[in-house]
Amino acid sequence: MTYNNVLIGAVVIGRNEGERLRACLETVKDQIQSVVYVDSGSTDGSVELAYDLDIEVVRLDTSIPFTAARARNQGFYQLMAQYPHIRYVQFIDGDCELCSSWVETSLGYLKQTPDVAAVCGRRYELYPDQSVYNKLCDMEWNTPIGKTKACGGDVMIRVSALQDVNGYNDALIAGEEPELCVRLREKNYNILRIDADMTLHDANMMHFEQWWKRSVRAGHAYAQVSCLHKASKKGIWKTQTRRALIWGLLLPMMILGAIAYNPVFSLALLIYPLQICRLAMAKGMMRKTSWLSATYLVIGKFAEAQGILKYYLRKMRREQPMLIEYKQSS
C-alpha cells in the first residue's frame, strides 16, 4: 500500500551504498510516494540510481563536513518544501530495506498516541551468519519493547515534534538519533519501540578492524552527547562513558603500572576474563550468544575509550570532529 503525499514522506540518506541503495529505495517507494534521497558525496553512481528511480535527490555541499544528522536535516527541509502538508516522516539509512507492513503499523501508533514523537521497530541484519560482527549487530538491534530513551537511524517521526526541537544536531558525527531523543523527551514527548518488523540492515562488516572502528565511533558519540547534555535530567550515556574509561583506560594503566613494580600483579589481568564470565552468566551462560556478546562487550571498552579520548583531544584543540567510517562500499 502506498500512502499519498499529504500524510507521510520519507528521507533516505546514503554514501556509496551501491545495490544496497537500490533495494532501499525500491522498498520505500512501495509504501511511500513522497521520497527524498540525500547523498553525501557518493562516487559509485548512487545519485544516478536515485534519478533513474524517479526520486528527488539532494546533494550535500562537499565543502562542509558530512554527517548523517546534516543529511537527515537537509532531506527533511527538502521534503517539507515540496510537500508542506506531510505530518509524518520516515527516516531510513540507505543500507536498509523497509519491511512491507512497517508504515501502516507505525502510522497507526502515531495516530493513536499524540504524546509519542517517534516510533521504531525491529531492525534485523540481512546476513547475520556471514560474520561474527554482523551477528553482534543483529543482537544489538534487538532492543526492549515499550517506551525507550532513544531510537536509531530508521524511525517514523511526527513532523510537528521534529520541528519543535529544530531537527537533528548537524555537528554530531554519530549518536545524533539518541541526542535528538533527549531533546524530544525534554519536551515531554515519548519514544516508542514497538514489536513490529521495521527494516533489514546490511552491515557488511567482515573484519575486526571494521568492528573496532565502529566501537571507536560509539565511544566518540558517548562522550560528545553526554557532554552536550551533562546538565540535563534526560541526559544519556554518562554511565557508558564512565564504564568505557574505567575498563578501557584507567584499569589497564593501573595494572600495567603495578606489573612494572612487581610482575606478580599480572594476575590482575584476570579481571577481564572474569568480567566476561560475569556478563555471560547475567545473559544466560548456557547460550552461545551470551558468551559472544560478553566477550565483545569487554573488548569493545578499549575501542570506546579510544573514541572518548579522540573526542576530548579534538575538543581541547578546537578541531572539527571528522567522520569515523567503518562500512565497505557495496
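Look a little higher up for the structure.
Caption draft 1: Fine view of the overall build of the protein chain. Of the regular secondary structure elements, the protein chain holds 11 helices and nine strands. The globule rule puts the C-alpha radius of gyration for 330 residues at 20 Å, and the 21 Å found for the protein chain is close to it. Projected onto its principal axes, the C-alpha coordinates of the protein chain cover approximately 70 × 45 × 40 Å. Within the protein chain, buried positions represent 52% of all 330 residues. A separation of at least 24 residues holds for 74% of the contacts in the protein chain among residues at least 6 apart in sequence. Put simply, the protein chain shows about 16000 Å² of open surface, and 54% of that area lies on carbon and sulfur atoms. Considering the protein chain, the positive charge centre built from 39 side chains and the negative charge centre built from 34 side chains are found 11 Å apart.

Caption draft 2: Broad picture of a nonpolar patch on the surface. Where nonpolar side chains cluster on the molecular surface, the patch consists of Y261, V264, F265, L267, L270 and L274 and spans about 690 Å² of accessible area. Within the secondary structure layout, L267 lies in the loop between α9 (238–261) and α10 (271–283).

Caption draft 3: Structural context of the packing of helix α8 (residues 208–228) against helix α11 (residues 288–317). Two elements in contact, α8 and α11, have axes whose closest approach is 6 Å; the angle formed by their N-to-C orientations is 55 degrees. Classified by the angle between their axes, α8 and α11 sit oblique to one another. Handedness of the crossing formed by α8 with α11: right-handed. A class-by-class count of the residues in the contact of α8 with α11 yields 14 nonpolar, seven polar and four charged.

Caption draft 4: Geometry of the nonpolar core. If you look at the biggest cluster of nonpolar residues, it comprises 63 residues, and the most contacted ones within it are V12, V28, V89, F91 and I157. The contacts of V12, once residues within four sequence positions are left out, are L21, C24, L25, V28, V35, V36, Y37, V38, I92 and G94. With 12 residues, the next largest nonpolar core counts L172, I173, V182 and A221 among its residues.

Caption draft 5: Representation of the pattern of salt bridges in the model. A complete count under the given rule lists 16 salt bridges for this structure. With a shortest N-O distance of 3.8 Å, D202 and R20 are connected by a salt bridge. With D202 in the loop between β9 (190–201) and α8 and R20 in helix α1 (residues 19–29), this residue pair connects regions lying 182 residues apart in the sequence. Residue classification places D202 among the buried residues on the basis of a relative accessible area of 10%. Note that D129 is salt-bridged to K135, the shortest N-O span being 3.8 Å. Taking the relative accessible area as the measure of exposure, K135 reaches 25% and is therefore partly exposed.

Caption draft 6: Structural context of the pairing of β9. With nine of 12 residues buried, β9 lies mostly within the body of the structure. Here three bridges tie strand β5 (residues 96–98) to β9, and the two strands are oriented antiparallel to one another. Bridge pairing in β9 places C96 opposite H201. Sheet topology note: the strand β6 (residues 116–125)/β9 ladder contains eight bridges and is parallel. Residue pairing for β9: A118 is matched across the bridge by I191. Sheet topology note: the strand β7 (residues 146–148)/β9 ladder contains three bridges and is antiparallel. Among the inter-strand pairings, G146 is bridged to a residue of β9, identified as R193.

Caption draft 7: Structural context of helix α4 (residues 102–112). Of all the residues in α4, the buried ones are W102, V103, S106, L107 and L110. Along the axis of α4, the buried positions cluster into a sector of 110 degrees, meaning they face one direction only. Looking at α4, the residues exposed on the side facing more than 90 degrees away from the buried face are E104, K111 and Q112.

Caption draft 8: Fine view of helix α3 (residues 68–82). Taking 1.5 Å of rise per residue, 15 residues should cover 21 Å, and α3 covers 21 Å from first to last C-alpha, within 8% of that figure. Looking at α3, one finds that the buried residues are A69, R70, A71, R72, N73, G75, F76, L79 and M80. Contacts from the buried residues of α3 go to β1 (8–14), β2 (34–39), β4 (88–93), α6 (159–164) and α7 (176–186).

Caption draft 9: Here's a closer look at the packing of aromatic side chains. Per the counting criterion, the structure on display carries 11 aromatic pairs. On the numbers, 6.0 Å between centres and 90 degrees between planes, the contact of Y133 with Y296 is edge-to-face. Taken as a pair, Y133 in helix α5 (residues 132–141) and Y296 in helix α11 lie far apart in primary sequence, 163 residues in all. Each member of the pair, Y133 together with Y296, is buried. When the centroid spacing of 5.4 Å and the interplanar angle of 40 degrees are considered together, the rings of F208 and W211 count as tilted. One end of the pair is F208 and the other is W211, both in helix α8 and three residues apart, which spans about a single turn. Relative accessible area serves as the criterion here: at 38%, F208 is assigned to the partly exposed category.

Parameters and conventions
- Residues numbered from 1 in each chain as written.
- Predicted model: local features only at pLDDT ≥ 70, side-chain atom pairs only at ≥ 80, totals over all residues.
- Heavy atoms only, no water.
- Helix = DSSP H or I, 4+ residues; strand = E, 2+ residues; numbered from the N terminus.
- Rg over C-alpha atoms; globule rule 2.2 N^0.38 Å.
- Buried < 20%, exposed > 50% of the residue type's maximum accessible area, 1.4 Å probe, protein only.
- Contact = heavy atoms within 4.5 Å.
- Areas by Shrake-Rupley, 256 points an atom, 1.4 Å probe, with all protein chains shown as cover.
- Lys, Arg positive; Asp, Glu negative; His and termini not counted.
- Charge placed at Lys NZ, Arg CZ, Asp CG, Glu CD.
- Patch = residues over 30% accessible without salt bridge, like charges linked within 9 Å, V, L, I, M, F, W, Y side chains within 5 Å.
- Salt bridge = Lys/Arg side-chain N within 4 Å of Asp/Glu carboxyl O.
- Axes fitted to C-alpha atoms, helices over the stretch in contact; angles between N-to-C directions.
- Parallel < 35°, antiparallel > 145°, perpendicular 65-115°, else oblique.
- Left-handed = near helix turned anticlockwise from the far one by under 90°.
- Nonpolar A, V, L, I, M, F, W, Y, C, P; charged D, E, K, R; others polar.
- Core = buried A, V, L, I, M, F, W, Y, C linked by side-chain atoms within 4.5 Å.
- Pairing = 2+ DSSP bridges.
- Arc of directions from axis to C-beta.
- Expected span 1.5 Å × (residues − 1).
- Phe/Tyr/Trp six-rings, centres within 6.5 Å; stacked < 30°, edge-to-face > 60°.

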